[in-house]
Structure formats: structure tokens, C-alpha cells
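Structural description and commentary
Here is how the chains run, residue by residue.
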Amino acid sequence: MKKEKVSFTESIIILIALLAILGISVIKFGLSPEVPVLFTVLLLTFWARFRGFTWKDVQDGIKEGIGVAIIPIFIFILIGALIGLWIKAGIIPSIMVLGFHLISGSFFVPSVFIACAIVGVAIGSGFTTISTVGIALFGIGASMNANPALVAGAIISGAVFGDKMSPLSDSTNLSSAVAESELFAHIKNMMWSTIPSFVVSLILFWILGNSGHMDPTKIERTSHVLQTNFSISWWAVVPIVFMLLCAWRKVPAIPTLFINIAATVIMIFVQNPHESVQSLNNLIMNGFVAKTSDASVNALLTRGGISSMMATVALIISTLSLGGMLMKFNVVQSAMEPLVKHLRKPGRLITVTILSGICINLFVGEQYLSVILPGRAFKPAFDKIKLSPLALSRVLEDGGSVINYLIPWGVAGSFAATTLGVPVLQFLPFVFFSLLSPVFSIISGFTGIGLKWAKDKK
């Protein structure tokens, strides 16, 4: 067949069909998202061939889609190795024991939210916050009989806040660059939606966190098991200090993780000079296997390793292949094009831009693309009605990167679910910060509160 431009109607039908397949498979039937995503790739391939696209077009779309995730995939592999090493070296168990002494039962869930927010701002990475401090806090919550989904929601909410408000964050720098706004002005302007979202989230975590109870007997038993089976000492702060120093010096994520891995390996050999290279290799590859007298501790601390990230990597590759094909065939662009031409009111423009970011997350599953595509598509519309680039960069964060943690087949959502061991659909209702950020951004658009206009607007 002759290849023709994909129409708006056709692109909408394709996107709705793909979303229906993914949604029904994951939500209704409870399937793991990898197979439904591969099935949608298959269907899209058949459609592309029917419409006259070549096999080279299909392959180029897949390669272009995967290309944006090469660095995140490598980071996930390093994080998988780091988690197992941190448990073996006693770093995560030490944080747990310290947390038992510092955190009260009634204030536990809100304090988890605040702690992850602080660490996230300092480190500039939601993924690293979740996979290090987040795991330790999740373990404390398990010992307190707290709702796992609620604790996971607090951890992810804090990590997303920190990632969003840190000048070291990739997504924050990306949003600022795409909108052509100054980085620190962008962070300052985000407070109009971020601070209300943070405050309301904290109140909700306070209310829901008080519904559980603290079991001191179980906490004492868990603490005793950790101190008996792991090296609990001040040494645990060394890799954390390295991580903060690297963040302060603006060292990129990959060398930061390598430095932490090297420091942790040295700690392991100091604690046990007879540690074999073979066991260390197995630890990095397959993660740590806890063999204590407490089954709950074993379940909690048996994790990490490169192999633990392979399911997430497979999902990322298949999801981004789908997204790359949708962009290669101009399906996403054709669906967004008509909307841009008819948006002349700031409230409507901001709402549609946020909804576009959410839809990109649903269809493509990649947080960077959920910032880049709406940013490129709607920037002329923002310029046309004299809205500042700061208005666009804030909207891209509120509807793009923060939402990816709520998508079962999204890069961030699947990573958080794998790392914490809680399915996305279970913690989704409790990730209040991600749910509230687009709401307050839309309110700002319609009320004009905190809405930045271009300097030349009369």
C-alpha cells in the first residue's frame, strides 16, 4: 500500500485501542505488563506494514525508542548490584536499626515522606532514594505492621518531591531545557504547585498513618535479629556520605554509583577479609539472600542483584519500542497537532498540556518523553498567548515526570514496584504527591495564581 500521513482520527483510534489492551490486561486480568506490551508492539507492526511502512521504518522506530533509555537501563543495573552490596555490608540494616530508635509509631508514615523528600533533594534521584533509604524505611514499616502500600506511597511521594525540586535531577534539568527556562527560576516557580501538593500529602499521610499501631515487641525482635546477623555500625554512613558528596559536586549518576559500589566492596572485605571473589560476584549478580531466624526479615532483605532488574529492563525495552514506533509513524504527533491550534486560554492550554503528558506516560511509559513531546508540541502555543517559559516547564514536570511512577508499565512505576515489592496498582492511591501535583497546576492555570507571563506581555 501507499504510505500516507496518519490522520487525527486514525491516530486517536490506535492510541485508544492500545491503551484499552494494556489497561484491560493489567488492571482487569492482573497480568504482568511485559506480555501485553509485546502484544501491542505486534499489532502496531502489522498495522504499520498494512499502511505501507517498511520493515526498516519499524526497526528504526524500535531503535530510536530504546535509544533514550540506554543510560537509565545501565543505571538500573548498577542500582541492582548496589542494593545487594548495601545489605551485605550492613548499610540498609544499620539504617533500619537507627530508624527504630528515632521514629515514633504515630509519626512514622509522615516522617517517611519527609525523610525521602530531604534525601531526594540532596541526591537528585528518585530511583536512588527509593532503592536505598526507601528500602530501609520500608523494612521499618514492615516491623511496625504498617500498610505496605501506604508506606510505599510515602516513600515514592517523598522521592518524587526530592527529584522534582533538586537542581541535580535529570528530569528537572530536562524540563527546564525543553521549555528554555532558567533552572533555578524553574525550581522556584514550581513551588506554586509543589508546596500545596507537599502540605496536603503530609496531612493525608498523618491522618492515614495514625490508623495503624506500633508493635514494640516485634520491633525489638527485628532489631535483635538485624544486630545478630549483620554488621551494624557507624561505617554504614560512609557510602551515604560519598553519595551526598558526589551530588554536591554534581557528579553524574553512573560514576556516583560506581564509587558507592567500590566503597561498599571495600567495606565488605574489611568486615570479612576472607570473603571470596566468587561469593562477591554471586552477590552482585543474584543479590543478597538473608538467612536469619526471622522469616519476615528474610523476605525483606532477600533482594538486589543485577538479575533482579532484568524484568524491569525487559519492560523498559518493550515499552520504549512501542513508544518509538508510535513516534516514528507520527501517531502521537498527529493526535496532538489539532489541539495545539485551538488553545488560546491559559487554563485550557495548561490542562491539555498536562493531560498530554499523562497520555504520553500511558502510551509510551517513559518519563523523559512525557516531558519532551508535550514540550515541543505546546511551546508555540505558550509563546503565542505570552506565557513565560517558566509556566511551560512547571507544567511539563507536573504532568510528565511525576506521573510515570503511577503507570504499571512505566519505567519509574515498574522500577519502584520491583524495588519495594509492592505492585503499582496497590501503592498508586497513596502516592499523593504525584496525584496532587497536576491538580494544583491546573488550578493555577485557571485562577492565575502563580502563573508566570512573558516579560513583553502587555
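Please read all numbers here as calculations on a predicted model, not as lab measurements.

**Some remarks on the overall build of the chain**
A count of helical and extended segments in the chain gives 23 helices and 0 strands. Taken over C-alpha atoms, the radius of gyration comes to 23 Å for the chain, in line with the 23 Å a tight globule of 458 residues would show. C-alpha atoms of the chain, sized along the principal axes, occupy 70 × 50 × 40 Å. When the 458 residues of the chain are sorted by exposure, 57% land in the buried category. For the chain, the share of sequence-separated contacts (at least 6 apart) that also reach a separation of at least 24 residues comes to 80%. Split by element, the accessible area of the chain, about 19200 Å² in all, is 69% carbon and sulfur. Of the side chains in the chain, 31 bear a positive and 20 a negative charge, and the two mean positions are spaced by 7 Å.

**Regarding the pattern of salt bridges**
Here the structure, examined in full by the defined rule, presents 8 salt bridges. When the shortest N-O distance is used, the salt bridge between lysine 164 and aspartate 398 registers 2.3 Å. A residue pair is termed long-range when its members are at least 10 positions apart, and lysine 164 in helix H8 (residues 148–165) and aspartate 398 in helix H20 (residues 389–399) qualify at 234 residues. Across the pair, aspartate 398 and lysine 164 agree in class, each one buried. With its nearest N and O atoms 3.9 Å apart, the salt bridge here joins aspartate 294 to arginine 221. Of this pair, aspartate 294 sits in the loop between helix H14 (277–286) and helix H15 (295–301) while arginine 221 sits in helix H11 (residues 216–229), and the two are 73 residues apart along the sequence. Given the relative accessible area of 42%, arginine 221 is considered partly exposed. Three or more residues joined by partner-sharing salt bridges are found here, namely Lys56, Asp60 and Lys63.

**Some details on the packing of helix H4 (residues 70–88) against helix H7 (residues 126–143)**
In the contact formed by H4 and H7, the axes pass within 11 Å of each other and the chain directions differ by 15°. Classed by the angle they form, the pair H4 and H7 counts as roughly parallel. By crossing handedness, the relation of H4 to H7 is classed as right-handed. From H4, Phe76, Ile79, Ile83 and Trp86 reach across to H7, where they touch Phe127, Thr128, Ser131, Thr132 and Ile135. Of the residues in the contact of H4 with H7, the class split is 6 nonpolar, 3 polar and no charged.

Each value, and the rule that gives it
Here the residue numbering is sequential within each chain, running from 1 through the sequence in written order. Only residues with pLDDT of at least 70 are given local features in this predicted model, and only at 80 or more are side-chain atom pairs given and counted; all residues enter the totals for whole chains, interfaces and linings. Side-chain numbers here rest on the full set of heavy atoms in the structure, without hydrogens or water. A run of DSSP states H or I qualifies as a helix once it reaches four residues; a run of E qualifies as a strand once it reaches two. Both are numbered from the N-terminal end. With C-alpha atoms as the basis for the radius of gyration, the globule rule is written as 2.2 Å multiplied by the number of residues raised to the power 0.38. Using a 1.4 Å probe on the protein chains alone, a residue whose accessible area is under 20% of its type maximum counts as buried, one over 50% counts as exposed, and one in between counts as partly exposed. Two residues form a contact once any of their heavy atoms are found within 4.5 Å. Here the accessible surface of atoms and residues is derived via Shrake-Rupley with a 1.4 Å probe, and residues count as covered only by protein chains that are part of the display. Positive charges are assigned to Lys and Arg, negative charges to Asp and Glu, while His and the chain termini are left out of the count. A charged residue contributes its charge at one atom only: NZ of Lys, CZ of Arg, CG of Asp or CD of Glu. The working definition used for a salt bridge is a side-chain nitrogen of Lys or Arg within 4 Å of a carboxyl oxygen of Asp or Glu. Orientation is described by axes fitted as lines to C-alpha atoms, over the contacting stretch for helices, and by angles from 0 to 180 degrees between their N-to-C directions. Each angle is binned into one of four classes, with values under 35 degrees roughly parallel, values over 145 roughly antiparallel, values of 65 to 115 roughly perpendicular, and all other values oblique. Should the near helix be turned anticlockwise from the far one by less than a right angle, the crossing is termed left-handed; should it be turned clockwise, right-handed. Three classes are used: nonpolar for Ala, Val, Leu, Ile, Met, Phe, Trp, Tyr, Cys and Pro, charged for Asp, Glu, Lys and Arg, and polar for all others, with Gly counted as polar.

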